[in-house]
Amino acid sequence: MSYLESNLKTVPVGWRKILFINWPLVFLLAAVASAGFVMLYSVSGGRPEIWAEPQMKRFGLGMAVMLAAAFVPIWLWRNLSALGYGVALVLLIAVELFGDIGMGAQRWLEIGPLRLQPSELMKITLVMMLAAFYDWLDVDKVSKPQWVAAAAALILVPTALVLRQPDLGTAILLLMGGGVVMFAAGVSLWYFGTVLAAVGGLVFAVLESRGTPWQLLHDYQFRRIDTFLDPGSDPLGAGYNIMQAQIALGSGGWGGRGFMQGTQSRLNFLPEKHTDFIFTTLAEEFGFVGAFSLLMLYALILGFCLHTAMSARDRYSSLVTIGIAGTFFLFFAVNMSMVMGLMPVVGVPLPLVSYGGTAMLILLWAFGIVQSAHVHRPR
Amino acid sequence: MRRSPRDNAISQATISRRGLMLGGLQAAMVVTLTLRMRAMQLERADEYRLLAEGNSVKIRLLPPARGLIHDRNGVLLAGNEQNYRVTITREDAGDVDLVLARLRRLIALGNDEAAEIADELHRRSPNSPITVAERLSWEEFARIAVNAPALPGVTPEVGLSRLYPRGPDFAHVVGYVGAVSDYDLSKIEDPDPVLRIPRFQLGKTGVEAKLEEMLRGKAGTRRVEVNSGGREMRELSREEGTPGANVQLTVDYRLQNYALQRLGDESAAAVVIDCRSGDLLALSSAPAFDPNLFVRGISTRDYRALQDDDHRPLADKSVQGLYPPGSTFKMVSALAALEAGVIGLDDTVYCPGHLEVGGRKFHCWRRAGHGHLNLTQSLEQSCDVFYYDISQKVGIDRIAEMARKLGLGTRHDLPLSAVAQGIAPDKAWKRERYDTDWLIGDTLNASIGQGYVLASPLQLAVMTARLASGREIVPRVVRSIDGVEVPNPEAAPLDIKPEHLAAVRRGMDMVVNSARGTAKGAKIMLAEMRMAGKTGTSQVRNISAAERARGVISNADLPWERRDHALFVCYAPVDNPRYAVALVVEHGGGGSAVAAPIARDILLFALHGGLPPLSAYPSSQRWRIENERRDLDLVDPGLKPDTTPSRA
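Residues numbered from 1 in each chain as written. Chains lettered and ligands numbered in written order. Predicted model: local features only at pLDDT ≥ 70, side-chain atom pairs only at ≥ 80, totals over all residues. Heavy atoms only, no water.

Peer 1: Looking at this model, I keep getting lost on the overall build of chain A. Mind explaining?
Peer 2: Across its full length, chain A carries 15 helices and three strands. Looking at the 379 residues of chain A, the share that counts as buried comes to 57%. Counting contacts in chain A only where the partners sit at least 6 residues apart, residues at least 24 apart contribute 73% of the total. Accessible area for chain A stands at about 15000 Å²; split by element, carbon and sulfur atoms hold 70% of it. (Helix = DSSP H or I, 4+ residues; strand = E, 2+ residues; numbered from the N terminus. Buried < 20%, exposed > 50% of the residue type's maximum accessible area, 1.4 Å probe, protein only. Contact = heavy atoms within 4.5 Å. Areas by Shrake-Rupley, 256 points an atom, 1.4 Å probe, with all protein chains shown as cover.)

Peer 1: Honestly, the overall build of chain B in this entry has me stumped. Any pointers?
Peer 2: Scanning chain B from N- to C-terminus turns up 24 helices and 21 strands. For 648 residues, the compact-globule estimate of 2.2 N^0.38 gives 26 Å, and the C-alpha radius of gyration of chain B, at 37 Å, exceeds that figure by more than 25%. Based on the C-alpha atoms only, the size of chain B along its principal axes is roughly 155 × 55 × 50 Å. Expressed as a percentage of its 648 residues, the buried residues of chain B come to 53%. Excluding contacts between residues fewer than 6 apart, the proportion of contacts in chain B whose partners are at least 24 apart in sequence is 73%. For chain B, the centre of its 83 positive side-chain charges and the centre of its 81 negative side-chain charges are spaced 3 Å apart. (Rg over C-alpha atoms; globule rule 2.2 N^0.38 Å. Lys, Arg positive; Asp, Glu negative; His and termini not counted. Charge placed at Lys NZ, Arg CZ, Asp CG, Glu CD.)

Peer 1: Would you mind showing me how to read unusual backbone geometry here?
Peer 2: All names here are of chain B. Cis geometry is adopted by the peptide bond preceding Pro287, which originates at Ala286 and carries an omega value of -5°. Along the polypeptide, Pro287 turns up in the loop between β12 (280–286) and α11 (291–295). The linkage connecting Ala572 with the following residue, Pro573, adopts the cis geometry, with an omega of -15°. We note that Asp435 has phi near 55°; this positive angle belongs to a residue other than glycine. Assignment of secondary structure puts Asp435 in the loop between α18 (427–434) and α19 (440–447).

Peer 1: So what exactly am I meant to see when it comes to the packing of helix α8 (residues 168–185) of chain A against helix α14 (residues 315–339) of chain A here?
Peer 2: A pair of packed helices is captured by two measures, namely the crossing angle of their axes and the spacing between those axes. Residue and element names in this part refer to chain A. For the pair α8 and α14, interaxial distance at closest approach is 9 Å and the crossing angle is 140°. Of the two elements, α8 crosses α14, and the hand of that crossing is right-handed. Seen from α8, the contacting residues are Leu173, Met176, Gly177, Val180, Val181, Ala184 and Ala185; seen from α14, they are Leu319, Ile322, Gly323, Gly326, Thr327, Leu330, Phe331 and Val334. By residue class, the composition of the contact of α8 with α14 is eleven nonpolar, four polar and no charged. (Axes fitted to C-alpha atoms, helices over the stretch in contact; angles between N-to-C directions. Left-handed = near helix turned anticlockwise from the far one by under 90°. Nonpolar A, V, L, I, M, F, W, Y, C, P; charged D, E, K, R; others polar.)

Peer 1: Please explain the UniProt feature "domain: Penicillin-binding protein transpeptidase" (unreviewed entry) in chain B as it appears in this structure.
Peer 2: In this numbering, the UniProt entry assigns the feature "domain: Penicillin-binding protein transpeptidase" (unreviewed entry) to residues 269–603 of chain B. Within the segment residues 269–603 of chain B, helix and strand shares are 36% and 16% respectively, and the terminal C-alpha atoms sit 14 Å apart. (UniProt positions renumbered as here; feature names shortened; annotations may be inferred.)

Here you go:
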């Protein structure tokens, strides 16, 4: 019997739980999502029915999902972790077998009226699975090689499936998201050092493999690397997106060009302006003030999550919170780095802002689990 | 799983430690992102702003309306017409072949043209519009507009195109415009950007070319926002251009038309000049061509036909054509001799029909000779020997000087294509040109307007006007610009003794009005229009001694291009000269038989302001003249002055 279960009597029950929800976090999420609505309205050229309205509906649904998840006791979520992971894995395999092709990759699965992106689901269920795994594992076994290998296997199997779709962005997020949980769980730093060294070696090998029959990445992935290193090399081809994104971002200046006045986004110079590149529109139209404000909202969300993780009294609550916050962090950090030219372009949306139903619902559900950990903390 | 409180505490401590480490890493990343944002948005904002502007703001030119050209009465000679055209843009069309096929069901479009357009579409960038057809009728234009939904990428447009309502009459004077060619651009230093507008029309010849910059106007600009596909989204600002200046010429549309008709099928030129102002009332060069053909893009076949015609319709013979002036040059030689004092007004020369100089026989046109003649009589009968004689005394240099004084051998500054300088030869000229000495025979030939002497009809007209007025008349063709009269001060008197001029004029009067005059057949019977003139017949071939011995072959028996040129210069009225006419009929035969009657008719038309009454002609000619008039197809004398504003 875990510590959690032994202290059940101090946990809020029934409708009283609503008082213990982390309301500032809810408010922050709503603020970020609202920024998203505004930007979606702007990039649609003032036609809310295209992106802004559907996004708002999904956000409403997502909030309901979050609150519902918050009411579910955290130990129940812990017990469902393995099942969730299994379901996500099966769905990933199903995508591999029957998936739809979207943007040159198999990502979508249609189940009746639902269009599901199992890789999105996996980002959260993997974190839950690992948190549950370390909750179960004895503390002194955490850094034992066989258990590290077990955790690594839990990460690598879905990562490999996602990579096959191919979706490099999500694969990196899964890898790093899983790594965050392992790191937080206290796995010896030597392992991380070794992995970093290995990754360095792998990057070298990947670059060296180019043009050979056993080439490790797709040509388009190599081209993304090329254009990342020198966007000017192909200003009308692959480098076009990056150049235009940076022009949009930079031209925003201090105060931006004004709502719906961004020439870059309004005139279609920007690619994927409602999804991966939406941050550039925000930066163009609201300038440094707007972009920095959004970044601060994200940072505050991280802060509240970290506070929840620290104040939790059990391993699952702490680890799942840190894992979800870490995944959330990776989302926006990778997306912003990408559009600001700090990273090659990998398809990662800006969380809660980019247009996308599955991603938003799953993310809010994940924050629901964080809320659940917050609510069901013994007091 | 059971776990001790101690275990749990250790585990939570680890997680907290690691959580704080992660939080630190995340904070570091947030700081990195902030710094990057700061660098891009605050430090390099201006640079990116410029790039964004360059991306989205394009400057489009508004072609200015070309200035109009009017005749002296305000009748339109060159205007602008609405040009309905269709363009197609590949990017918007999608399936270009399908759209073109549909278009061909609506407007006439040949297979070759369609293939050419398809080819051009694939060569040019996808968002640049290609002109499919121009000068559509309103019906065709409307048909395309109505079917627009089925024709993606096809834009019906209205532009301005040059139109010459007077057709061939002013083909040489006004000239024509055509699309700017790469060759045109290469010739112009720092070309006006408006010239880079596809199919922009540029003056190619005549006034259109010479006054191009005045007529073109200034282009307006539109700043437009374009999207990434180059499609215009909205207009940011618009600055209207300035239309080109309207130019009024000195020419008269009716006289020009009549002169051209009177020249008929001949290869000929006629120039009518005002003896007081120097205004050129007609500059006719026959045959002419329709300048509208060139604006619309002349077919290779039509162009070849114009080029291969031995009557050279493309050349403006009135200012470009150079001819030996023949006997019309005798006034120059006569004045040179009088001014030099080598001959008095009453001195006579005996003409036996030829003169031997340096072992060579120089013939008079009249083999029997003229007997004793004074200066006026020498002009009246156009005796050659008289001039052989006096020219030896006066010398070529003084003759050349007199020629230049009268406007020969000088390029008159007119905004017309390739205005010829002509040749008033002297010793220095021959030394420079042929590096040989001037021979006495050259002087003799030059004295009767043969040999090296060359003059254009324009120069002969100026010479005649100067003789008639005694003033240094300067020809001009532009009367006003944008309603502002071009100043035309009265010409200074010629530096020639009035009594000498009077003697020459008297000779010219006798040419037409005395019984022995060479142009007595071209006499004008109305006293108030009494005409003076001088015939000229210039050889274009050498007559060998052998041929002379056998008898000179008559013009009628020679091929056209070896026949003599027929010339006539004249002015009227003799007592108060108003207009002067110079006329050359290439290979026309004799000046008195061919050139004089035509020149007289043109002069009469100018003086009378239309067809003169038959009483102007000698009674024996009236019946024939009346018949000839039936074949004329004259323009409406009542054409209203054009009041179209240039901003058409």
